[in-house]
There are 2 protein chains.
Amino acid sequence: MGENDRNDKDKGSGEKKYVYLFEEGQAGMRLLLGGKGANLAEMTNIGLPVPTGLTLTTETCKAYFLAGKTFPGGMEEQLWAKLALVEKKIGKTFGDPKDPLLVSVRSGAPVSMPGLMDTILNLGLNDETVEGLIAATGNPRFALDSYRRFIQLFGDVVMGVEHHYFETALSAQKKAQGVREDKDLSADSLRAVSQAYKQLIHQQAGEEFPRTPKRQLLRAIEAVFASWYNPRADVYRQINKISEDLGTAVNVQCMVFGNMGDDSGTGVAFTRDPSTGKKALYGEYLMNAQGEDVVAGIRTPQPISKLAAEAPEVYGQFKEICGILEKHYRDMQDIEFTIQNQRLYMLQTRNGKRAAAAAVQVAVDMVGEGLITKKEAIGRVAPADLEQLLHRRVDPAAKFDALAVGLPASPGAASGKIVFNADDAHDRGGEGEKVILVRPETTPDDIHGIVKAEGILTSRGGMTSHAAVVARGMGKCCVCGCDALQIDTANKTVTVNNLVLRENDLISLDGSTGRVILGEIPLVDPEMSEAFRTFLQWADELRTMGVYTNADTPADAVKARELGAEGIGLCRTEHMFMEQERLPVMRQMILADSLERREAALDQLLPFQENDFYGILKAMDGLSVTIRLLDPPLHEFLPDSEQLALAIQRRKLIAELGRPEAAKTAETKETEALTLPELEALLIKVRALREANPMLGTRGCRLGVRYPEIYRMQAKAIFQATVRLVKEGFNPKPEVEIPLVIDSQELSIMKRLVTEEAERAAAAGGVKFHYTTGAMLELPRACLKAGELAAEADFMTFGTNDLTQTTLGFSRDDAEGKFMVDYLEQKILRENPFAVLDEEGVGALMEIAVSRARAVKPGLTFGICGEHGGDPDSIHFCHRAGLTFVSCSPFRVPIARLAAAQAALGGRDE
Amino acid sequence: MGENDRNDKDKGSGEKKYVYLFEEGQAGMRLLLGGKGANLAEMTNIGLPVPTGLTLTTETCKAYFLAGKTFPGGMEEQLWAKLALVEKKIGKTFGDPKDPLLVSVRSGAPVSMPGLMDTILNLGLNDETVEGLIAATGNPRFALDSYRRFIQLFGDVVMGVEHHYFETALSAQKKAQGVREDKDLSADSLRAVSQAYKQLIHQQAGEEFPRTPKRQLLRAIEAVFASWYNPRADVYRQINKISEDLGTAVNVQCMVFGNMGDDSGTGVAFTRDPSTGKKALYGEYLMNAQGEDVVAGIRTPQPISKLAAEAPEVYGQFKEICGILEKHYRDMQDIEFTIQNQRLYMLQTRNGKRAAAAAVQVAVDMVGEGLITKKEAIGRVAPADLEQLLHRRVDPAAKFDALAVGLPASPGAASGKIVFNADDAHDRGGEGEKVILVRPETTPDDIHGIVKAEGILTSRGGMTSHAAVVARGMGKCCVCGCDALQIDTANKTVTVNNLVLRENDLISLDGSTGRVILGEIPLVDPEMSEAFRTFLQWADELRTMGVYTNADTPADAVKARELGAEGIGLCRTEHMFMEQERLPVMRQMILADSLERREAALDQLLPFQENDFYGILKAMDGLSVTIRLLDPPLHEFLPDSEQLALAIQRRKLIAELGRPEAAKTAETKETEALTLPELEALLIKVRALREANPMLGTRGCRLGVRYPEIYRMQAKAIFQATVRLVKEGFNPKPEVEIPLVIDSQELSIMKRLVTEEAERAAAAGGVKFHYTTGAMLELPRACLKAGELAAEADFMTFGTNDLTQTTLGFSRDDAEGKFMVDYLEQKILRENPFAVLDEEGVGALMEIAVSRARAVKPGLTFGICGEHGGDPDSIHFCHRAGLTFVSCSPFRVPIARLAAAQAALGGRDE
């Protein structure tokens, strides 16, 4: 701040300072100069070879929009004054027809923002200055090609003339000259292309291509600002929760040329492998090429290691600079460089985006290297990113032939139907269909489709191509540069070795090996790397909240325990009744018209339940298992009334119309098995149990109050399983949870029932065992009455899914996909409250509950077991609210461990 | 208290004092001595002629149950010691075979409690003492009849031998003697009946009828205690919210005999008319009869006025005593008396139960008479009782012939189907059917049926019979003693003038005139009496909270204004769209697949809405009209999906099976009008709009957020109506309310829309007008965020129906009639939270909201417009919570005015 303040006004003038020379900035001024600008300044100041230049601040951008898209007063004067200093330093002058200064213009926001304006290169060329460039370089073809490229880029990006017009004009020229490749065009032809381009711009844009370099520069700066609000940037900001208020800076830098011949080139490199984190330079370069050629993926570049042979001196210098930058920034760097006639120039450095595996490996390694502390390491990884480490991958035992192998651009595996454009991927993926987006290459325009696809497959582009970078960032499986594929997006076919695949054909991708496979492939659960284990151990050392899991089966329990779960925070019992052999008995129980019949059905269910609990308690031997008694409304176990009514009507009509032989076509399996009187009896019961708002109906412990025999059977099953395990030498820890409580009297009645069954089982088995009884707080009244409830409860957990539904009055089934969209779009809600805990409503009730309950029972155990228990932001809230543990699905356990550690550290490095 | 404490121990003994002589007590000792005992003591002490006696305290009852149904130590000794003092005073001895002391034994709880043990008379008689009584009175028939009655009553009430056994034995004796009436039985026959009764008891009860008077007395006392927990008493306590912990006292009083000949008699009387409150003795008596004969309604008694002629001296004395008692107690009294050989004895006095009209009239008159203050008058009437004054009554203009005329025992009017027993009345009435309970007479066993019936009709019993008293207490219409009816409960017929009515026949009652009418009769709204108006004016002077009404039509608005409403707190707009000519347009609006079509339909709805608002705002000229914008989910306006699916299947099957000529039988009117493709298209839309939990779905201002054009149309209609009225010289005060808000951003968007329409209408009309925009708080989050909401709101009201649903997670549709029953029975909830506001849950949120909102906007207007706004207990809470107004249905406005006044006075006299 102090630093910024001092520089905030231009010396003496009292005017706001809009323009900084690189040497006036530093890395800490990221908010003002943007990430790129701040790092260019930093590199300049630590003496690295950076082409000189200047940065227009993000404040300029904000002032520009505030003034209704007008440059703020004094900005232009500052720009020309600073540019003059640059000219002086480099010894060339902007617009000099003898030896013109050329610049690149690039956007640079405070946070990395794909979607902003592309780089404009070679700005400063016009019909006069291009002759100066020819003279100065002695290379007319280079100069004229640079001019041609500049006009095309400027016309497209700044003046809005679509790309394809230029392609057509270029093709026409190639045809006219009888050549196939751009590089075979003569200097004269290129000169003709430039003129054709300018005419094209005049026609399409309705104005002349700007002649003077200063005009070009101002227009380019405006275009960068305008790109801040383009739709791609909007989408990216939304997905990544980036504030609109940041604005972008603009970097104007002297050109260096990677396309000045075979001793020139350009490349990008990471200081470590961004997929695995391995400590080795990792990147790509192209000789005789200009910047964007590598990133755009249009030509497939060479791996950086080959540069050692091709240009050993430059490679050595580059490697040394990489080391300096890593030490300086104490993080892995993502670097752009250009070689101009064997001289190395650094064009950009930034902390490198990385796959989660790499993030973990780099963090652990850097602790080992003494670069950062364990706490810093924990702060370096976004918890949500860990999800990709927990993705399932291709079963190594599975046998299949790959159709083709591309670059392993983003790990994981995916299967889905082929779609050929981002819109289809977005629409069909959005509806829950599994689709693989197949494109020759991707562009920022495709982001909305990439988000919704299971995986991405491209035929062009390298490991740093757009598709690869974006997919890694999202933890989405991606195979890139698979050039064995011929992709025809117009006709929607992919051809590989004479096999033609079409839209909707099923394929699989293995993003860890680059394999493309026909059909679906078997997947297995992920294994944790050594670094990942170490990393999570550090997280465990730092965190203060427990991490439990939500698991209903022994298999889930085992998995969760492997992933570090310290107990089960929520074991739902309803799924147990849905199983094929149990559902009919469950139905008998529900449809019973006397207590005796209901108890007879429950007796049949008891052994199933006992074995369920036996398995889970055994899997979690020694750890708490919170078992929630039956929760959903009973009619969830019954068939749909409309289907029954339709079947009844169908049969009656068939009989009535004298066609009894007509088949029971179109009946469901469910109804086919029943006679007409059975159907009619069933319909009456189903209708009697049907509820207007089942979410607020006869469910949770209301079932236990109304039909105590059901809860009694469950308690019996729990404690009989417990007794068996104790006798077998295990240490089961059942914690019985009463769902949907609203009052201490209710909890007390339910607790008495549980206690009776526990004592009965203990007496019958002749053993003692540990057990507790607790309450699930899922309704506002439970939170408000937590003080009284605490007197009856050994522990409490928040069921924040239901608590969100009632606090906001949002039925999840009805909100998502309906009015929720409006609420997010109109910014009434910042987040979907079912994904990220609503702190102001739901959170406020939780805080009331914790404080009232602990006033009665200090230190009472509190957990959260809604889906929020696996969401990093919500976990931070839970930490602040003083919860004892969070509970989440098994695969989110590592995420929760990390998020809890970061919460204990007071936040994560962003 | 001090008084009680001093008397709490028996003198010197240090032992708890269980038995009080009448002269040791006083009226203030009601909790200890019961109402009856305290009043007998009071009357004794002010020198009225009360047969002497003693009272066993309520503490004795509690100690008895606490000790496992054993008399507490020392009680018996105290009893016999005090009884000795009574014997001394009256000069007779208990069990004296020459001239025995006889006593009555009666229950007496601190609050009046029908359902407790009946009085036992003549206790002290046995085979020996009855001869003493013959000797002492010289009236063998009287003595033997008294003995026979005593055995019967004791056998029934104390020893549990059913009534009908005694009736059978008596009939057998009458048959044997060839007589028809009891009174024609000779002394010897009566002696034989006594012996037969005793044998009967031995057979049925398995034990001998107790011979010694002391044993009889102890058994009778135990029977009184036991009756505290009998089912009738339980029901009464539940209905009237009386604590189980009070216990009952037992009064043992020397017998006086109303059946000692034609110069003896017994009666009951009110000091004023308990139906109308008119200041005149009101009661009945029977000569030569014993106490219970009058109350039980077995013989139809004479009006008290006739006593003036029959026994002028006694009547004069009685009238004087009535005056003394009214002045002494400062309230209308309900008095029991007996005349024994021309001597008047007072057996009981208590504040008289009265119909609401009487309560109001008496309260107003007593202020006029200087007996009580206005504040006391306000405290004398239970607000809920006013409902009966607001009952509709028979249209005076209607022409019909009465089938018969009985006693106008409880005012109001009712129509319903005939049922012949209390169980049927309870079951069918409980299911919402309108039934009239028709009985020869009613007993406390019938209470559960009386509660659920629309009205009560009896052929026997007077204005103070059980049916009459109970019905008046409940504000239920009742016609008594209609002896033109022959009621055969076994065959379920009522015969009147050769017309035989059967179960389920429809009849009507006019409780104000006693008319019984065949079929249904037209009713009209009630008119307020002068006293009622005065009374409510006093209430208005005392209360600090406003009383508004919930009204959706001009007619309701007019009615509510007449009843004292000071504004409309809730005008719902959804019913307006349900009207026949509007619903199709509403559907077009909902089914529209483009904004244009939706707006076209809304344009059609606009004039309807404008006229709706015009009418209501005009009716409430000068007063606030809070108009809630559209609230319910849109699918409420659409047909049922199952009906559509059935119709589609039916038509298709008929076509498929080659019987296209078959009729569209069983289709609904709804579907018949549509073609198959229309049905199919409609079904798709209906399914798309269907919600899993509509209560928590796309409703309230979510409609306004998603389809702003709907709210815009409503706002437009409101303000166009306002402009019209202003131009016509009225003073409309629309207050636009946004329902179901959760966030200030949402409210702000809605408010902007309303403001725009208001400004547009004002500009177009060229007039200025008052309007406000407020929020309805119906969700927990709204209460928690009330601080932020307050910044955007001009007023707020609590929608406590929905707030109760979400706070407790109770769908009203699903809870009532399902699990709510269990919750009330198992005492998890004290009250139905939809009837009486749940203070601990919903109330806690309301208090949070008021305090957070007023911290931002001191004095912000807060109202309540759920049904709780008309419930007296809830109104007390609203007063304490600092609400500005309550709003309730028009007919509850007077109730709310009174309850609000009582709340301001800090409570009501109970």
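Residues numbered from 1 in each chain as written. Chains lettered and ligands numbered in written order. Predicted model: local features only at pLDDT ≥ 70, side-chain atom pairs only at ≥ 80, totals over all residues. Heavy atoms only, no water.

**Student:** Can you explain the overall build of chain A? Please cite residues and give values.
**Tutor:** Along its length, chain A carries 36 helices and 33 strands. Each principal axis of the C-alpha atoms in chain A carries an extent, and together these give about 105 × 75 × 55 Å. Per-residue burial for chain A yields a buried fraction of 57% across its 910 residues. Of the contacts made within chain A by residues no fewer than 6 positions apart, 68% connect residues no fewer than 24 positions apart. Surface summary for chain A: the accessible area is close to 35600 Å², and the carbon and sulfur share equals 49%. Measuring between centres, the 105 positive side-chain charges of chain A sit 2 Å from its 127 negative side-chain charges. (Helix = DSSP H or I, 4+ residues; strand = E, 2+ residues; numbered from the N terminus. Buried < 20%, exposed > 50% of the residue type's maximum accessible area, 1.4 Å probe, protein only. Contact = heavy atoms within 4.5 Å. Areas by Shrake-Rupley, 256 points an atom, 1.4 Å probe, with all protein chains shown as cover. Lys, Arg positive; Asp, Glu negative; His and termini not counted. Charge placed at Lys NZ, Arg CZ, Asp CG, Glu CD.)

**Student:** Run through the pattern of salt bridges, naming residues and quoting values.
**Tutor:** Here the structure, examined in full by the defined rule, presents 115 salt bridges over all chains. As a salt-bridge pair, Arg 582 of chain A and Asp 612 of chain A come within 2.6 Å of each other at their nearest N and O atoms. Taken together, the residues span a long stretch of sequence, with Arg 582 of chain A in the loop between helix H21 (575-578) and helix H22 (583-591) and Asp 612 of chain A in helix H23 (residues 595-619) at a distance of 30 residues. Here Arg 582 of chain A falls in the buried class, since its relative accessible area comes to 7%. Looking at Asp 612 of chain A, the relative accessible area reads 13%, which means it is buried. One salt-bridge network, held together by shared partners, links Asp 743, Arg 781, Lys 785 and Glu 788 of chain A together with Arg 830, Asp 838 and Glu 840 of chain B. (Salt bridge = Lys/Arg side-chain N within 4 Å of Asp/Glu carboxyl O.)

**Student:** Account for the sheet that holds strand E21 (residues 493-496) of chain A, naming residues and giving values.
**Tutor:** All names here are of chain A. Overall, antiparallel pairing links the three strands, which are arranged E20-E21-E22 in an open sheet. Of all the strands in the sheet, just strand E20 (486-488) and strand E22 (499-502) have a single pairing partner and so form its edges. Looking at each pair of strands side by side, their axes are set apart by 20 degrees on average, direction ignored. Note: E21 against E22, four bridges, orientation antiparallel. (Pairing = 2+ DSSP bridges. Axes fitted to C-alpha atoms, helices over the stretch in contact; angles between N-to-C directions.)

**Student:** Talk me through helix H16 (residues 422-430) of chain B; I want residue IDs and the actual numbers.
**Tutor:** Residue and element names in this part refer to chain B. Along H16, the positions that sit buried rather than exposed are Ala 422, Ala 425, Arg 428 and Gly 429. Buried residues of H16, seen end-on, are gathered within an arc of 145 degrees and therefore sit on one face of the element. The N-capping residue of H16, defined by a side-chain oxygen 3.2 Å from the backbone nitrogen of Asp 423, is Asn 421. Following H16 by one or two positions, Gly 432 adopts a phi angle in the positive range, close to 95 degrees. (Arc of directions from axis to C-beta. Polar contact = N/O pair within 3.5 Å; in protein donor to acceptor, adjacent residues only side chain to side chain.)

**Student:** Mind laying out the pairing of strand E12 (residues 343-351) of chain A, listing which residues take part and the relevant values?
**Tutor:** Residues and elements named next belong to chain A. Pairing analysis gives eight bridges linking strand E11 (residues 333-340) to E12, with the strands arranged antiparallel. Looking at E12, one finds that Asp 334 is bridged to Arg 350. Once E11 ends, the chain turns through two residues before running back antiparallel as E12, passing Asn 341 with a positive phi of about 45 degrees.

**Student:** Quick one: what's the story with the side chain of Asn 259 of chain B, residue by residue and with numbers?
**Tutor:** Within the element layout of this structure, Asn 259 of chain B appears in the loop between strand E7 (249-254) and strand E8 (265-270). Ignoring any residue separated from it by four or fewer positions in sequence, one finds Asn 259 of chain B in contact with Phe 142, Ser 146, Ser 264, Asn 288, Ala 289 and Gln 290 of chain B.

**Student:** Can you tell me about the environment of Pro 858 of chain A, naming the residues and giving the values?
**Tutor:** Residues and elements named next belong to chain A. Within the fold, Pro 858 resides in the loop between helix H34 (839-856) and strand E32 (861-864). Given the relative accessible area of 70%, Pro 858 is considered exposed. Placed 68 residues apart in sequence, Pro 858 and Ala 790 show a C-alpha to C-alpha distance of 9.8 Å.

**Student:** Got a sec to walk through the nonpolar core? Specific residues and values, please.
**Tutor:** Note on soluble globular proteins: their nonpolar side chains tend to be buried together. With 319 residues, the main nonpolar core has Leu 777 and Phe 798 of chain A together with Leu 777 and Phe 798 of chain B as its most contacted residues. Leave out the neighbours within four places in its chain, and Phe 798 of chain B touches Leu 777, Cys 783, Leu 803, Met 846, Ala 849, Val 850, Phe 862, Gly 863, Ile 864, Cys 865, Gly 866 and Leu 883 of chain B. (Core = buried A, V, L, I, M, F, W, Y, C linked by side-chain atoms within 4.5 Å.)

**Student:** Just give me the short version of the packing of aromatic side chains, but keep the residues and values in it.
**Tutor:** Throughout the structure, instances matching the rule amount to 40 aromatic pairs over all chains. Aromatic side chains Phe 810 of chain A and Phe 819 of chain A sit 4.9 Å apart centroid to centroid with 80 degrees between the ring planes, which places their arrangement in the edge-to-face category. Taking the relative accessible area as the measure of exposure, Phe 810 of chain A reaches 0% and is therefore buried. Judged by relative accessible area, which is 0%, Phe 819 of chain A ranks as buried. Among the aromatic residues, those joined into a cluster by ring pairs are Tyr 64, Phe 65, Phe 71, Phe 225 and Tyr 229 of chain A. It is Lys 17 of chain A that lies over the ring of Tyr 20 of chain A; its NZ or CZ is 4.3 Å from the centre. In this arrangement the basic side chain of Arg 237 of chain B is found over the ring face of Trp 228 of chain B, its NZ or CZ atom lying 4.4 Å from the centre. (Phe/Tyr/Trp six-rings, centres within 6.5 Å; stacked < 30°, edge-to-face > 60°. Lys NZ or Arg CZ within 6 Å of the ring centre and 35° of its normal.)

**Student:** How would you explain empty space enclosed by the protein if you had to name every residue and give the values?
**Tutor:** Residue and element names in this part refer to chain A. Throughout the structure, instances matching the rule amount to eight cavities of 30 Å³ or more. Around the second largest cavity sit twelve residues that line it, and Arg 106, Leu 121, Met 255, Val 256 and Leu 347 are the ones nearest its centre. Listing elements by their share of the lining of the second largest cavity, those giving two or more residues are strand E5 (103-108) and strand E7 (249-254). Considered class by class, the residues forming the lining of the second largest cavity number five nonpolar, six polar and one charged. (1 Å grid on protein atoms, 1.4 Å probe; cavity = no way out; pocket = protein on both sides within 12 Å on 5 of 7 lines; lining within 4 Å. Points joined across faces, edges and corners; volume = space filled by probe spheres on them. Nonpolar A, V, L, I, M, F, W, Y, C, P; charged D, E, K, R; others polar.)

**Student:** Residue-level account of the relation of the copies chain B and chain A, with values.
**Tutor:** Once chain B has been moved 0.3 Å along the axis and rotated by 179 degrees, it coincides with chain A to within an RMSD of 0.3 Å. Taken together, the turn and the small shift mark the pair as related by a two-fold rotation axis. Mapped onto chain A, 100% of the interface residues of chain B are again interface residues, and the two copies thus contact each other with one and the same surface. (Least-squares fit on C-alpha atoms with pLDDT ≥ 70 in both.)

**Student:** Before we move on, could you go through unusual backbone geometry and cite the residues and values that matter?
**Tutor:** Most peptide bonds adopt trans geometry, and most residues besides glycine take a negative phi value. Residue and element names in this part refer to chain A. If you check the backbone angles, Lys 69 has positive phi at about 60 degrees while not being a glycine. Take Lys 69: it is sitting in the loop between helix H3 (58-66) and helix H4 (75-90). Backbone geometry at Asn 497 places phi at a positive 50 degrees, although glycine is not the residue there. Position of Asn 497 relative to the elements: it lies in the loop between E21 and E22.

**Student:** Describe in detail the sheet that holds strand E21 (residues 493-496) of chain B, supporting the description with residues and values.
**Tutor:** All names here are of chain B. In spatial order, the strands read E20-E21-E22; together these three strands make up an open sheet with antiparallel pairing. Only two strands of the sheet have a single neighbouring strand rather than two, namely strand E20 (486-488) and strand E22 (499-502). For this sheet the average axis-to-axis angle between neighbouring strands, irrespective of direction, equals 20 degrees. Where E20 lies against E21, three bridges are found, and the strand directions are antiparallel. Bridge assignment links Asp 488 to a residue of E21, and that residue is Thr 493.

**Student:** Tell me what's going on with the interface of chain B and chain A, and back it up with residues and numbers.
**Tutor:** Taken together, the 61 residues of chain B in the interface contact 61 residues of chain A. At the boundary of chain B with chain A, total buried surface from both sides reaches about 5500 Å², with 54% on carbon and sulfur atoms. The three residues of chain B that bury the most area against chain A are Glu 642, Leu 657 and Leu 696 of chain B, which together make up 12% of that side's buried surface. For the pair chain B and chain A, the interface holds twelve salt bridges. (Buried area = accessible area lost by both parts, 1.4 Å probe.)

**Student:** Account for helix H8 (residues 187-205) of chain B, naming residues and giving values.
**Tutor:** Residue and element names in this part refer to chain B. Taking 1.5 Å per residue, 19 residues should reach 27 Å; H8 reaches 26 Å between its end C-alpha atoms and fits that length. Taken together, the buried positions of H8 are occupied by Ser 189, Leu 190, Val 193, Ser 194, Tyr 197, Lys 198, Leu 200 and Ile 201. Each element contacted by the buried residues of H8 is listed here: helix H6 (140-157) and helix H7 (163-177). Just downstream of H8 lies Gly 206, where phi reads positive at about 75 degrees. (Expected span 1.5 Å × (residues − 1).)

**Student:** Please give an account of the state of the cysteines that cites residues and values.
**Tutor:** All names here are of chain A. Scanning the entire structure with this criterion turns up zero disulfides over all chains. With no disulfide of its own, Cys 865 lies closest to Cys 878 among cysteine sulfurs, the gap being 10 Å. Overall, Cys 865 belongs to the buried group, its relative accessible area being 2%. (Disulfide = S-S within 2.5 Å.)

**Student:** I'd like a rundown of the environment of Gln 486 of chain A, residues and numbers included.
**Tutor:** Residues and elements named next belong to chain A. Structurally, Gln 486 can be placed in strand E20. In sequence terms Gln 486 and Leu 457 are 29 residues apart; their C-alpha atoms lie 12 Å from each other. Those residues in contact with Gln 486, other than ones at most four positions away along the chain, are Thr 493, Val 494 and Thr 495.

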